[in-house]
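Descriptive structure summary
The primary structure of each chain is shown beneath.
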Amino acid sequence: MTGTTIKQIDIITSILSLDNNAKVTVKDEDVDNLIWQDDYQNPNNLTKENILAEQTRLQAIEDAK
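Let me begin by describing the structure that accompanies this report.

Procedures and definitions
Residue numbers here run from 1 along each chain, matching the order of that chain's written sequence. The predicted origin of the model limits local features to residues at a pLDDT of at least 70 and limits the giving and counting of side-chain atom pairs to 80 or more, whereas totals for whole chains, interfaces and linings rest on all residues. In computing side-chain values, all of the structure's heavy atoms are included and hydrogens and water are not. Secondary structure follows DSSP: runs of H or I at least 4 residues long count as helices, runs of E at least 2 residues long count as strands, and numbering of each begins at the N terminus. With a 1.4 Å probe rolled over the protein chains alone, any residue whose accessible area is under 20% of its type maximum counts as buried; one over 50% counts as exposed, and the rest are partly exposed. Residues are treated as being in contact if the distance between any of their heavy atoms lies within 4.5 Å. His residues and chain termini do not enter the charge count, which takes Lys and Arg as positive and Asp and Glu as negative. Take a side-chain nitrogen of Lys or Arg and a carboxyl oxygen of Asp or Glu: if they are within 4 Å of each other, that pair is a salt bridge. In the analysis that follows, any N or O atom pair within 3.5 Å is treated as a polar contact, provided that within protein one partner can donate a hydrogen and the other can accept it, and provided that, for residues neighboring in sequence, both atoms belong to side chains. Residues grouped as a nonpolar core are buried Ala, Val, Leu, Ile, Met, Phe, Trp, Tyr and Cys residues, joined through side-chain atoms within 4.5 Å.

1. Examining the overall build of the protein chain
- A count of helices and strands for the protein chain gives two helices and two strands.
- Going from N to C terminus, the protein chain has its helices and strands arranged as α-β-β-α.
- Over its C-alpha atoms, taken along the principal directions, the protein chain stretches across nearly 45 × 20 × 20 Å.
- Taken across its 65 residues, the protein chain has 29% of its residues classed as buried.

2. Regarding the environment of Ile11
- Assignment of secondary structure puts Ile11 in helix α1 (residues 11-18).
- Exposure remark for Ile11: the relative accessible area of 3% places this residue in the buried category.
- For the pair Ile11 and Ile51, spaced 40 residues apart in sequence, the C-alpha to C-alpha distance is 7.2 Å.
- Ignoring sequence-local partners within four residues, the contact set of Ile11 consists of Val26, Glu29, Val31, Leu34, Ile51, Leu52 and Gln55.

3. Examining the side chain of Asp19
- Relative to the elements of secondary structure, Asp19 occurs in the loop between α1 and β1 (24-26).
- Despite its burial, Asp19 remains without a salt bridge, the nearest opposite charge being carried by Lys23 at 10 Å.
- Separated by 2.7 Å, the side chains of Asp19 and Asn44 make a polar contact.
- In this structure Asp19 touches Tyr40, Asn44 and Leu46, once residues within four positions along its chain are discounted.

4. A word on the nonpolar core
- Formed by Ile11, Ile15, Ala22, Val24, Val26, Val31, Trp36, Tyr40, Leu46 and Ile51, the largest nonpolar core amounts to ten residues.
- Contributing elements (two or more residues each) for this core: α1 and β1.
- Beyond its immediate chain neighbours, meaning those up to four positions away, Val31 contacts Ile11, Lys48, Ile51 and Leu52.

So, in structure tokens, the structure goes:
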């Protein structure tokens, strides 16, 4: 597929897929460098593993397009 660009799923997309109300800043696209907003503080206890697994799942869907 010449000219086709595969979209890379970023960390914030993965977080919002798991929790669409998340209020978080992702520094340097690094899952170890998340800053949760003071009024939110990750109430769903999303872990690094949850976020990376969701990123992998979403990327597989994107890659299959």
